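Residues per chain, in single letters:
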Amino acid sequence: MPLTIGIPKEIYAGEKRIASVPDVVEKLIKLGFAVSVETGAGDGANFADQTYSAVGAKIVGSAAELWSGADMVFKVRAPTTDEVAMMKPGLTLISFIWPAQNPDLMQQLAARKVTVLAIDSLPRTLSRAQKMDALTSMAGITGYRAVIEAANQFGRFFNGQITAAGKIPPAKVFVAGAGVAGLAALGTAVSLGAIVRANDTRAEVADQVKSMGGEFVKVDYEEEGSGGGGYAKVMSEGFQAAQRAMYAQQAKDVDIIITTALIPGKPAPKLITAEMVQSMKPGSVIVDLAGEQGGNCELTVPGEVVVRHGVTIVGYTDLPSRLSKQSSTLYATNLLRLTEELCKTKDGLINVNMEDEAIRGLTVIKDGEITWPPPAPKPPATPPQAAKAAVPMPEKKSAHGHGPGEPMPAGKLAVVFGIGAALFWLIGAFAPAAFLGHFTVFVLACFVGYMVVWNVTPALHTPLMSVTNAISSIIAIGALVQIAPPLSGVLNRPDDWIRGLAFVGIVLTTINMFGGFAVTRRMLAMFRK
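A brief look at the structure comes next. (Residues numbered from 1 in each chain as written. Predicted model: local features only at pLDDT ≥ 70, side-chain atom pairs only at ≥ 80, totals over all residues. Heavy atoms only, no water.)

**A few points about the packing of aromatic side chains**
Enumeration over the complete set of coordinates arrives at six aromatic pairs. Ring plane angle 70 degrees and centroid distance 6.5 Å describe the contact between Phe47 and Tyr52, whose orientation is recorded as edge-to-face. Of the two residues, Phe47 and Tyr52, neither departs from the other in class, the shared state being buried. With 5.5 Å between their ring centres and 15 degrees between their planes, Phe96 and Tyr331 make a pair best called stacked. Remark: Tyr331 occurs in helix H11 (residues 324–342) and Phe96 occurs in the loop between strand S5 (92–95) and helix H5 (103–111); sequence separation between them is 235 residues. (Phe/Tyr/Trp six-rings, centres within 6.5 Å; stacked < 30°, edge-to-face > 60°. Buried < 20%, exposed > 50% of the residue type's maximum accessible area, 1.4 Å probe, protein only. Helix = DSSP H or I, 4+ residues; strand = E, 2+ residues; numbered from the N terminus.)

**Looking at helix H7 (residues 180–191)**
Look at H7: 17 Å from first C-alpha to last across 12 residues, which is about the 16 Å you get at 1.5 Å a residue. Those residues of H7 hidden inside the fold are in contact with helix H6 (134–153), strand S9 (172–176), strand S10 (195–199), helix H8 (206–211) and strand S14 (256–259). (Expected span 1.5 Å × (residues − 1). Contact = heavy atoms within 4.5 Å.)

**Some thoughts on the sheet that holds S14**
Taken together, the seven strands give an open sheet; going across it, the order is S11-S10-S9-S14-S15-S17-S16, and neighbouring strands pair in mixed fashion. Single-partner strands in this sheet number two, and they are strand S11 (215–216) and strand S16 (305–308). Sheet topology note: the S9/S14 ladder contains four bridges and is parallel. Among the inter-strand pairings, Phe174 is bridged to a residue of S14, identified as Ile257. Across the face of the sheet, H6 comes into contact with S14, strand S15 (285–288), S16 and strand S17 (311–314) while running at roughly 155 degrees to S15. Together, S9, S10 and S14 form the strand contacts of H7, whose direction differs from that of S10 by roughly 165 degrees. (Pairing = 2+ DSSP bridges. Axes fitted to C-alpha atoms, helices over the stretch in contact; angles between N-to-C directions.)

**Details of helix H1 (residues 22–30)**
Side chains that are three or four residues apart share a direction in an α-helix, a result of its 3.6 residues per turn. Here H1 has its buried residues at Pro22, Val24, Val25 and Leu28. Projected down its long axis, H1 shows its buried positions confined to an angular sector of 155 degrees, all on one face. Looking at H1, the residues exposed on the side facing more than 90 degrees away from the buried face are Asp23 and Lys30. Along its buried surface, H1 packs onto strand S1 (4–7), strand S2 (34–38), helix H2 (49–53), strand S4 (72–74) and H11. Once H1 finishes, Gly32 follows within two positions and takes phi at roughly 105 degrees, a positive value. (Arc of directions from axis to C-beta.)

**Description of the sheet that holds S5**
Pairing within the open sheet is mixed, and its eight strands lie in the order S3-S2-S1-S4-S5-S6-S18-S19. Looking at which strands have only one partner, the edges of the open sheet turn out to be strand S3 (58–60) and strand S19 (369–370). In this sheet, strand S6 (residues 115–118) lies alongside S5 in parallel orientation, the contact comprising four bridges. Looking across to S6, one finds that Leu93 is bridged to Val116. Sitting on the sheet, H1 is in contact with S1, S2 and S4, with an inclination near 150 degrees to S2. Against the sheet, H11 makes contact with S4, S5 and S6, and its axis sits at roughly 140 degrees relative to S5, the strand it touches most.

**Brief notes about the nonpolar core**
In this structure, Tyr331 and Leu338 are the most contacted members of the largest nonpolar core, which totals 44 residues. In terms of residue count, H11 provides more of this core than any other element does, six residues in total. For Leu338, the contacting residues outside a window of four places in its chain are Ile94, Leu117, Ile119, Met132, Ile359 and Leu362. (Core = buried A, V, L, I, M, F, W, Y, C linked by side-chain atoms within 4.5 Å.)

**Here's the deal with a nonpolar patch on the surface**
A cluster of nonpolar residues, Val415, Ile419, Leu423, Trp425, Leu426 and Phe430, forms a patch on the protein surface that exposes about 710 Å² of accessible area. Examined against the element boundaries, Leu423 turns out to sit in helix H13 (residues 410–430). (Patch = residues over 30% accessible without salt bridge, like charges linked within 9 Å, V, L, I, M, F, W, Y side chains within 5 Å. Areas by Shrake-Rupley, 256 points an atom, 1.4 Å probe, with all protein chains shown as cover. Salt bridge = Lys/Arg side-chain N within 4 Å of Asp/Glu carboxyl O.)

**A short note on the environment of Tyr144**
By the element assignment, Tyr144 lies in helix H6. With relative accessibility at 39%, the residue Tyr144 sits in the partly exposed group. Dropping the residues within four chain positions of it, Tyr144 is found in contact with Ala184, Ala185, Thr188 and Leu323.

**Here we look at the pattern of salt bridges**
Per the counting criterion, the structure on display carries 23 salt bridges. For Arg156, the salt bridge identified is with Asp255, shortest N-O distance 3.3 Å. Placement of Arg156 in the loop between H6 and strand S7 (161–163) and of Asp255 in the loop between helix H9 (237–253) and S14 is noted, with a sequence separation of 99 residues between them. Notably, a salt bridge pairs Asp253 with Arg197, separated by 2.6 Å at the nearest N-O pair.

**A look at the packing of H6 against H7**
With their axes 7 Å apart at the nearest point, H6 and H7 run at an angle of 40 degrees to one another. You can see that H6 and H7 cross each other, and the crossing is right-handed. When H6 is examined against H7, the residues Thr136, Ala139, Gly140, Gly143, Tyr144 and Val147 are found in contact with a partner set consisting of Val180, Ala181, Ala184, Ala185, Thr188 and Ala189. (Left-handed = near helix turned anticlockwise from the far one by under 90°.)

Structure (structure tokens):
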């Protein structure tokens, strides 16, 4: 018999999101599930009950009725004690749980003999898990909304302007922590025209910051800050001291600070001290995205906006809920992708496969047994080593005994030129004068071709260089023919003009050829370490 998915109304104060939206409910029904929605559950996100019933969902009148009739429940916020009491044995719950921060809740859920999939425990390093990554979805919205809140509290434009009434400088924004939320905030601030700087303990995000138009501010202390799983780790005291000095310098200069630093299972690190706040310019703004975990600023009041020393500190803990329709849509899509993994047979039944690394990471309670934390992920399989090292292939040699791009030895080069000179003298002594002129052009063409092609490094033989060299060689040969004195030995003005143009052609061709080599070498140097 197909399972029934219940979607209750969120009762957390100020929470406007809902765990599924009508478009996604329709897709869940196509997977074989029945869907029940508590009346009024979507009002905060502007989804009326009629929109759910129109796609086939059942609207139930109370939370007790929904919990008692559901086999699976989708939620946004972790359940309260009253909600846990309404759960029936065998229920499957998918929600944010935060098991490390809520050990008492874990014990209550285990006592109800339910299965719990914590969407916040998804192994984010798995590429196939990205479609289910609700943390990333919500972090992107949080970063965007943080900039909007900062703009609302800030007393000037973000972008610089020059008006008849005077010049307006651009706002300076500093983002502490360049994770998903930090990069979203950075991109939004840049698009609004601000000068944006960012810092992160993970050095690998520096290129991402620069690619989005920001400036990466490096701490003058060498230490790797990646803690695995896409998160940062707790840094050493030496690094933290150098980081505080850098933050103090930025606080004096910027207009807006957005802090995003979080470490899983630990309180938010204190990055902005009261002294730094006091050093900021009056009218500056701090938006603390870590307010729910205590805040990155010492003066943050979670859930409130306060003014300290003339600086506005925004400590909202419900930024995704302030974009409830967008947040609900993205979160519902993440849960849909997870449900597709649980119900690959599309028959309305689920299989919590503990052999699947993604599902195992999500499952914090299985049939009343706490299974969190999951085992360490398996290291990737290493390819078998070859029985013995491969023997390098000898470089091919030409008929002259040297490889392509390798100059001919001086002795052989002298012999070749000696033989060529003797042949040229014999031909010049007995051949007609007209033949000698054509033969000279032929010899020059061979020489130019040899110098342009044979003696060039193979790495420079790109299609563009090949065509350029061919055209340049033709121009050089033609110009050399025109610049040679006439066979009659009589000079006239038209010939002087032709020789002048031929000389200019030779000069330009030379610049083109040597410039092409120089540019190509610089391009190749970009790919060398």
